[in-house]
Amino acid sequence: MSMLRSVCHLRVATPKACLRPSMFFFSFSHSHPLTHTSFSRTFRFHPPSLPLSPFASMKATASYGTGGSGAEGGRPREILVQHLLVKEDDQKLLLDLQHRISAGEDLSDLAVDYSMCPSKEEGGMLGWVRKGQMVPEFEEAAFSAPLNKVVRCKTKFGWHLLQVLSEREESILQDIQPDELHVKIQDPSFLEEAQLIDVREPEEVAKASLPGFTVLPLRQFGSWGPEITTKFDPQKDTYVMCHHGMRSLQVAKWLQSQGFRKVYNLSGGIHAYAVQVDQSVPTY
């Protein structure tokens, strides 16, 4: 597990995640209005990588190379990567795998049979990644690799054969202030076009709520998480809210890892909204 944490440093809350951005741990406190310490819970997000599943079995035509130029333009981008990992001293296996890929075999199939990385269970699929999430050697090779060309690189973990399957502009995840959201909510077209998600529990929503929000209680993540990309459009602007802005931030980061392009977290949650913008909304 220490290897995984080092290869891909996707930080969600305090704990570190493994290679797959779709899996991480987080804790949150369901706070008492005075002590904020009534209880805490730790959740393990390990949902299916739904937006990635069409690529997990992708049979991309591959050729072998040692690197190359990336896409043109200087805009931040994310890449969809799969790889396999072999021991540093296993040169014979490395060369054999290179020859098999050059002969037309699929990297994902070989990853299942030969990779040392736990991502082998998903055909070596690492998902969408951006710069800063991987060790430098892997990142340099991946972000300079031509699409679909299998590239070799060496890290402290061994030899990697990696393949970039697709690329896109980097997604957006940022806070939105209560007054900004308030202005938007006054526009009827915003409520029709935007996707608003409230991750608080039903008993909290009963005390205070905002119009237009779909309630997806965090404790019930197992029921709605696997269907998130069928219920919501990853291409639309998505706004997430909770009580104080912490649980919603964690879910916002998860949504981003699932392919949502623009995700906004309500800073300070509904509590800040009630105090700073609309005193008619109860506080609790």
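Rules used in this analysis
Residues numbered from 1 in each chain as written. Predicted model: local features only at pLDDT ≥ 70, side-chain atom pairs only at ≥ 80, totals over all residues. Heavy atoms only, no water. Helix = DSSP H or I, 4+ residues; strand = E, 2+ residues; numbered from the N terminus. Buried < 20%, exposed > 50% of the residue type's maximum accessible area, 1.4 Å probe, protein only. Areas by Shrake-Rupley, 256 points an atom, 1.4 Å probe, with all protein chains shown as cover. Expected span 1.5 Å × (residues − 1). Polar contact = N/O pair within 3.5 Å; in protein donor to acceptor, adjacent residues only side chain to side chain. Pairing = 2+ DSSP bridges. Contact = heavy atoms within 4.5 Å. Axes fitted to C-alpha atoms, helices over the stretch in contact; angles between N-to-C directions. Parallel < 35°, antiparallel > 145°, perpendicular 65-115°, else oblique. Nonpolar A, V, L, I, M, F, W, Y, C, P; charged D, E, K, R; others polar. Phe/Tyr/Trp six-rings, centres within 6.5 Å; stacked < 30°, edge-to-face > 60°. Lys NZ or Arg CZ within 6 Å of the ring centre and 35° of its normal. pLDDT = per-residue confidence, 0-100. Salt bridge = Lys/Arg side-chain N within 4 Å of Asp/Glu carboxyl O.

Draft legend 1. Highlighting the overall build of the chain. For the chain, the count of helices and strands is twelve helices and twelve strands. When burial is assessed residue by residue, the chain has 49% of its 284 residues classed as buried. Summed over its atoms, the accessible surface of the chain is roughly 13300 Å², and 50% of this surface lies on carbon and sulfur atoms.

Draft legend 2. Summary view of helix H11 (residues 246-257). Taking 1.5 Å of rise per residue, twelve residues should cover 16 Å, and H11 covers 17 Å from first to last C-alpha, within 8% of that figure. Buried residues dominate H11, accounting for nine of its twelve residues. Within H11, the full set of buried residues consists of Arg 247, Ser 248, Gln 250, Val 251, Ala 252, Trp 254, Leu 255, Gln 256 and Ser 257. Backbone geometry just after H11 places Gly 259 at a positive phi near 105°.

Draft legend 3. Structural view of the side chain of Gln 133. Looking at the secondary structure, you find Gln 133 in the loop between strand E5 (125-129) and helix H5 (136-144). Separated by 2.6 Å, the side chain of Gln 133 and the backbone nitrogen of Arg 130 make a polar contact.

Draft legend 4. A look at the sheet that holds strand E8 (residues 172-176). Taken together, five strands build an open sheet; the order of strands is E8-E12-E11-E9-E10 and the sheet is parallel. In the strand order of this sheet, the two ends are held by E8 and strand E10 (214-215), each with one partner. Of the strands in this sheet, E8, strand E11 (237-241) and strand E12 (262-266) are in contact with helix H6 (residues 178-185), which crosses E8 at around 95°. Taken strand by strand, H11 contacts E8, strand E9 (195-198), E11 and E12, and its axis lies near 175° from that of E12.

Draft legend 5. Local environment of the packing of H6 against helix H12 (residues 269-276). Two numbers describe how H6 lies on H12: the axes approach to 9 Å, and their chain directions differ by 80°. Classed by the angle they form, the pair H6 and H12 counts as roughly perpendicular. Note on element contacts: H12 touches H6 through Ala 272, Tyr 273 and Gln 276, opposite Pro 178, His 182 and Ile 185. Taken together, the residues of the contact of H6 with H12 break down into four nonpolar, two polar and no charged.

Draft legend 6. View of the packing of aromatic side chains. This model, assessed by the stated rule, comprises five aromatic pairs. Ring centres of Trp 224 and Trp 254 lie 6.1 Å apart, and the angle between their planes is 75°; this geometry places the pair in the edge-to-face category. Taken together, the residues Trp 224 in helix H9 (residues 221-224) and Trp 254 in helix H11 connect sequence positions 30 residues apart. The exposure class assigned to Trp 254 is buried, which follows from its relative accessible area of 0%. On the numbers, 4.9 Å between centres and 20° between planes, the contact of Tyr 239 with Tyr 264 is stacked. Remark: Tyr 264 occurs in strand E12 and Tyr 239 occurs in strand E11; sequence separation between them is 25 residues. Each member of the pair, Tyr 239 as well as Tyr 264, is classed as buried. Taken together, the aromatic side chains of Phe 190, Tyr 239 and Tyr 264 make up a single cluster linked through ring pairs. Positioned above the aromatic ring of Trp 128, the side-chain terminus of Arg 168 is 3.9 Å from the ring centre.

Draft legend 7. Geometry of the confidence of the model for the chain. Here the chain averages 80 in pLDDT, while 74% of its residues score no lower than 70. Low pLDDT (under 50) marks residues 1-73, which in the prediction has 182 contacts with non-local residues, meaning those over four places away or in another chain.

Draft legend 8. The pattern of salt bridges, seen in detail. All chains considered together, the criterion is met by eleven salt bridges. Close ionic contact of Glu 78 with Arg 168 constitutes a salt bridge, the shortest N to O distance being 2.7 Å. Here Glu 78, found in strand E4 (residues 77-86), pairs with Arg 168, found in strand E7 (residues 158-169); they are 90 residues apart in sequence, far enough to count as distant. Residue classification places Glu 78 among the buried residues on the basis of a relative accessible area of 1%.

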